[in-house]
Amino acid sequence: MKKIVGIIAAAALATSAFAEINIGSWNRAVFAPVAYNGDTLISAEGPSWGLTDVGGVRTGLSFSASSENAGMVFDFHGNPGKEIAMGDNAYTWVKPVEMLTIKFGKMDNNWGRLDHCFGTWNYWRFSNDLSVGEGLAGVVRQNGLGAEVTLQPVEGLVIDYEANFNKDESKGQDNHAYDVLWESSSTMIGYNASFGFIRAIINGQQATTYKAKDTDTKPAAKISLAADITAIENLTLKIGATIPTVLTKKDSNIQFGVGADYNLDALALHANVTAAILAKKINSDLDYELGAFGVKAGVGIDYAFTDAWKLVTDVRFASWSKQNQDGEDLKYEDPRFGAYLGLEQNLSNAQFAFGAMFGKRSMSINYADGWDDFTFSVPFTMTVSF
């Protein structure tokens, strides 16, 4: 027995000489004892992105191991109403040369995504049309199961490509090589300059038919341009735009957006706006004609009146919540708005927040996208990390 223990101890020491093993945890829990949906007073619980009336929160545990030129990452989640399952990452990686990194597996790869997260994004988020946070102006990365290749040939320049397995026969995806390598792929070309990070992102899309009754298809993609500008002291500007090469029912818009964060001692100001040129008509040959206009906007003010406590406010607006079709014409109806006022306490490895939020078509429950009537809730939020 002593010999076995000695062998294990020696192996552990040998491993620690060239490898590093880490364990971490991130957890988000929101409980709303009172939530009014315009008709009924209920209680709800869940992570920021989807409370339910059955309870449960997001808990997560992550493992990673790495040496100078190889490693692995694995995490799993406990989600409301579900068994413990694979989380966002389960991949291995190698670095054959200094400038090249290759990953195989499941990657939550959002490098280059244009994020502008403030206010309720860290609590109970408003419904999707309001809570612009990850992917301002539609600047996102496609990710999932597959392979990622990252090339950094010179300082500041990065080329990041990810191929994804994304089989969904209802959407025409069958994981042929063309599906994996192009239609579900994502490519980012970026450069870190002295004034900020600029990049272009190309997300492949499913081939689209020319006419409703034709079988011929044409390649499609969504192209995004974005920049995080930090040249002005205390100010960060985030600018982006997304243009689909082929207009479809899912991607029938062109988006432009800007976000700003200004920090001055205890005061932090946040604002963003996204304008969208939307389809106004669907012709009989499935040709989407642009001409409508929509806007989403948000502002927030944070004030830290002590090291431990800060005031958080968040106001959001979207000019439409429903897209209805009348013959060939598309109509965008029912504006949304929402507001939040609360306090956040900063603890050693956690944040605890509570406040009140209200709005019109602004809150989500059971993963539905907002209630139609006037809504009100009092959410309590914990974010705990190790």
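Remember, predicted model here, so these are calculated numbers, not experimental data. (Residues numbered from 1 in each chain as written. Predicted model: local features only at pLDDT ≥ 70, side-chain atom pairs only at ≥ 80, totals over all residues. Heavy atoms only, no water.)

Run through the nonpolar core, naming residues and quoting values.
Counting 17 residues, the largest nonpolar core has Leu51, Trp124, Tyr340 and Met357 as its most contacted members. Put simply, the parts of the chain that give this core at least two residues each are strand E1 (20–36), strand E16 (309–318) and strand E20 (350–360). Per-element accounting of this core gives the leading share, three residues, to E1. Residues within four places of Met357 in sequence aside, it is in contact with Trp124, Phe126, Ala339, Tyr340, Met363, Thr375, Phe376, Ser377 and Pro379. (Core = buried A, V, L, I, M, F, W, Y, C linked by side-chain atoms within 4.5 Å. Buried < 20%, exposed > 50% of the residue type's maximum accessible area, 1.4 Å probe, protein only. Helix = DSSP H or I, 4+ residues; strand = E, 2+ residues; numbered from the N terminus. Contact = heavy atoms within 4.5 Å.)

Got a sec to walk through a nonpolar patch on the surface? Specific residues and values, please.
Nonpolar side chains collect at one region of the surface, where Tyr262, Leu264, Leu267, Leu269, Ile301, Tyr303, Phe305, Leu311 and Leu341 lie side by side and expose about 770 Å² of accessible area between them. When residues of the nonpolar patch are traced back to their parent elements, those giving at least two are strand E13 (253–264), strand E14 (267–282) and strand E15 (288–304). Position of Ile301 among the secondary structure elements: in strand E15. Here Ile301 falls in the partly exposed class, since its relative accessible area comes to 44%. (Patch = residues over 30% accessible without salt bridge, like charges linked within 9 Å, V, L, I, M, F, W, Y side chains within 5 Å. Areas by Shrake-Rupley, 256 points an atom, 1.4 Å probe, with all protein chains shown as cover. Salt bridge = Lys/Arg side-chain N within 4 Å of Asp/Glu carboxyl O.)

Residue-level account of the packing of aromatic side chains, with values.
According to the stated counting rule, one finds 10 aromatic pairs in the structure shown. Ring centres 5.4 Å apart and planes at 40 degrees place the aromatic pair Tyr123 and Tyr340 in the tilted group. Of this pair, Tyr123 sits in the loop between strand E6 (100–107) and strand E7 (144–151) while Tyr340 sits in strand E19 (residues 336–346), and the two are 217 residues apart along the sequence. Between the aromatic rings of Trp320 and Tyr332, the centroid separation amounts to 6.1 Å while the plane-to-plane angle is 85 degrees, which identifies the pairing as edge-to-face. Remark: Tyr332 occurs in strand E18 (residues 329–333) and Trp320 occurs in the loop between E16 and strand E17 (322–326); sequence separation between them is 12 residues. Judged by relative accessible area, which is 19%, Tyr332 ranks as buried. Aromatic ring contacts, followed pair by pair, group Trp309, Phe352, Phe354 and Phe380 into a single cluster. The residue whose ring lies beneath Arg125 is Trp121, and the NZ or CZ to ring-centre distance is 3.6 Å. The residue whose ring lies beneath Arg316 is Phe118, and the NZ or CZ to ring-centre distance is 4.2 Å. (Phe/Tyr/Trp six-rings, centres within 6.5 Å; stacked < 30°, edge-to-face > 60°. Lys NZ or Arg CZ within 6 Å of the ring centre and 35° of its normal.)

Any chance you could break down the pairing of E20 for me, citing the residues and the numbers?
In this sheet, E20 lies alongside E19 in antiparallel orientation, the contact comprising 10 bridges. The residue of E20 that forms the bridge with Gly338 is Gly359. In sequence, E19 turns back onto E20 through a hairpin of three residues. Summarising the sheet, E20 and strand E21 (residues 374–385) pair through nine bridges and their orientation is antiparallel. (Pairing = 2+ DSSP bridges.)

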